[in-house]
Each structure stands twice: as C-alpha cells, then as structure tokens.
Amino acid sequence: MRLLIMGAPGSGKGTQAAAVSERYHIPTISTGDMFRAAVRSESPLGREVKALLDSGSLVPDEITDAVVVARLSEPDAAEGWILDGYPRTTNQVAALDTYLATQGKQLDGVLLLDVPQEQLLERMLLRGQHEGRSDDNLETVTHRLAVYHEQTEPVISQYAPRGILHLIDGSGTIAETGARIVAALDPLTVADVDG
Ligand code: ADP
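Conventions adopted
Residues numbered from 1 in each chain as written. Predicted model: local features only at pLDDT ≥ 70, side-chain atom pairs only at ≥ 80, totals over all residues. Heavy atoms only, no water. Salt bridge = Lys/Arg side-chain N within 4 Å of Asp/Glu carboxyl O. Helix = DSSP H or I, 4+ residues; strand = E, 2+ residues; numbered from the N terminus. Buried < 20%, exposed > 50% of the residue type's maximum accessible area, 1.4 Å probe, protein only. Pairing = 2+ DSSP bridges. Axes fitted to C-alpha atoms, helices over the stretch in contact; angles between N-to-C directions. Parallel < 35°, antiparallel > 145°, perpendicular 65-115°, else oblique. Left-handed = near helix turned anticlockwise from the far one by under 90°. Contact = heavy atoms within 4.5 Å. Nonpolar A, V, L, I, M, F, W, Y, C, P; charged D, E, K, R; others polar. Near = heavy atom within 4 Å. Polar contact = N/O pair within 3.5 Å; in protein donor to acceptor, adjacent residues only side chain to side chain.

Caption draft 1: Structural view of the pattern of salt bridges. Scanning the model with the defined rule gives 10 salt bridges in all. With its nearest N and O atoms 2.8 Å apart, the salt bridge here joins Arg23 to Asp186. Residue Arg23 is located in helix 1 (residues 13-24), and its partner Asp186 is located in helix 8 (residues 174-194); the two are separated by 163 residues in the primary sequence. Overall, Arg23 belongs to the partly exposed group, its relative accessible area being 42%. Given a relative accessible area of 25%, Asp186 falls into the partly exposed group. Between Lys50 and Asp54 there is a salt bridge; the shortest N-O distance is 2.7 Å.

Caption draft 2: Representation of the sheet that holds strand 2 (residues 28-30) in the model. Pairing is parallel across the open sheet formed by five strands, whose spatial order is 2-3-1-4-5. The open sheet is flanked by strand 2 and strand 5 (165-169), the only strands paired with a single partner. Neighbour-to-neighbour, the strand axes of the sheet open up by a mean angle of 20 degrees, direction not taken into account. Of the pairings in the sheet, the one linking strand 2 to strand 3 (residues 81-84) comprises three bridges and is parallel in character. Counterpart to Thr28 in the pairing with strand 3 is Ile82.

Caption draft 3: Representation of the packing of helix 2 (residues 31-41) against helix 3 (residues 44-55) in the model. Close contact between helix 2 and helix 3 brings their axes to 8 Å; oriented N to C, the two are set at 115 degrees. As the angle between them shows, helix 2 and helix 3 are arranged roughly perpendicular. Two packed elements cross with a definite hand, and for helix 2 against helix 3 that hand is left-handed. Contact residues: helix 2 offers Phe35, Arg36, Ala38 and Val39, while helix 3 offers Leu45, Gly46, Val49, Lys50 and Leu53. Of the residues contributing to the contact of helix 2 with helix 3, the split by class is six nonpolar, one polar and two charged.

Caption draft 4: Up close: the packing of helix 2 against helix 4 (residues 61-72). Contact geometry for helix 2 and helix 4: axes closest at 11 Å, N-to-C directions at 100 degrees. Judged by the angle between their axes, helix 2 and helix 4 are roughly perpendicular. In contact with Thr31, Met34 and Phe35 of helix 2, helix 4 contributes Thr64, Val67, Val68 and Arg71.

Caption draft 5: Expanded view of the site of the ligand. Taken together, 18 residues are adjacent to the ligand, and Lys13, Thr31, Ser57, Gly85 and Arg144 come closest. Contact distances for the ligand include 3.5 Å between an oxygen atom and a side-chain N or O atom of Arg127. With four residues, the top contributor of residues to the shell around the ligand is helix 2. Among the residues forming the shell around the ligand, the class breakdown is six nonpolar, six polar and six charged.

Take a look at the structure:
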C-alpha cells in the first residue's frame, strides 16, 4: 500500500503514520525526521538544511525530491510505504508522480488530518516544552502554519480530484483519530487481497 499522510504542523501526522506503519507493515518515510537526523549527524545535507529547519521554512524542492527518491528506492520500500511530510509543494507532487510513473506504481490513498487552528498551536507549543523540538516555538510555529496554508494547501487541491483523498477528523484523541484512519484504510487492503 502506498500512502500519503498530510495535515498542518501539529495535526498528529507523525504519530498516526507510526500506527499505520505498524498495522499495515509498511515503513514510514518522514522528510522531517530525515532532515532532523541529517542535522544531528552534521552531514553535508544537515549543514545545508539546518537554518531552514530552525526558521520553519521549506527545504528546496530539488534537495527534498532527491532525498525522497533515494529513500523510496531502498529495498524495504518495495512493497509500500507511508510518506509523512511529503509532498508539500505542487512541484514535489509532480516529482512524486514522475517517480511513481517510472516505477509503474500508483498511490492508493492520501490521508488528510483535519484539526482546528487553535488546537494546532496548542499542541505544538506543548510539544516544544515536552520534547524540546527546536522548531516548536511560537515564532517558528506561526511561520510553519503560514507556509502550510500557502504552499501545502494547493497540494491538497491536486489530490482531491483523483478520488483517493480521505478527510480524517483529527481533533479528538490519538486513539479516536487512529480508528478513523483504520476505517478509511481497511477497505483498501481488502481490495488489494481480492485483486
Ligand atoms: P511539521 O509538519 O510539524 O512542520 P516536519 O517534521 O514534517 O514538521 O518538518 C519539519 C521541517 O522539515 C519543515 O519545517 C521543513 O523545514 C522541513 N521539511 C520537511 N518536509 C519537507 C518537504 N517535503 N519539503 C521541504 N521541506 C520539508
């Protein structure tokens, strides 16, 4: 199964992606996690993207696309994956479409987590206090939300007409949102088994 999970910063994408990954036995591929790991290891990529992550701005498409294509080409991704945090721009949608077309593969579903804006802010500021994610402070969070509205909402408009978009209410508990996701995805796996 090849899936995307989308939603504003703080919508719970990472948490829900991990649950989907476990239930359907597919790896989670998170661009945010990959970039944060690169920054921690002080690799050339990490040095290039650090300032962008700290300010909450997007990493350029060419860099992000290359990181994702390399990761999708690894053996554990052969049978499926859930992409968390990618694509985030309309150019990245085109890059993913091209990659999938060259592989003769297609997306099975796009999950869109819907959470009210006030709740997003609350969740991220709380996460900043508890997990010490350096980009979870009020200034950066506000910027990430603005970037999301400007750059990532158009991505949703691109997937909507394809008939694979599942709007998931993400305002409840982790378990409630998880159950809504399972209700959307389980029918897809049955279709898989039948042919
Ligand atoms: P969030 O959704 O909470 O903002 P992520 O972990 O998905 O957090 O992303 C953290 C940061 O990593 C982003 O603010 C951006 O700098 C960078 N990043 C992640 N994914 C992408 C992407 N697809 N394109 C460009 N930059 C990205």
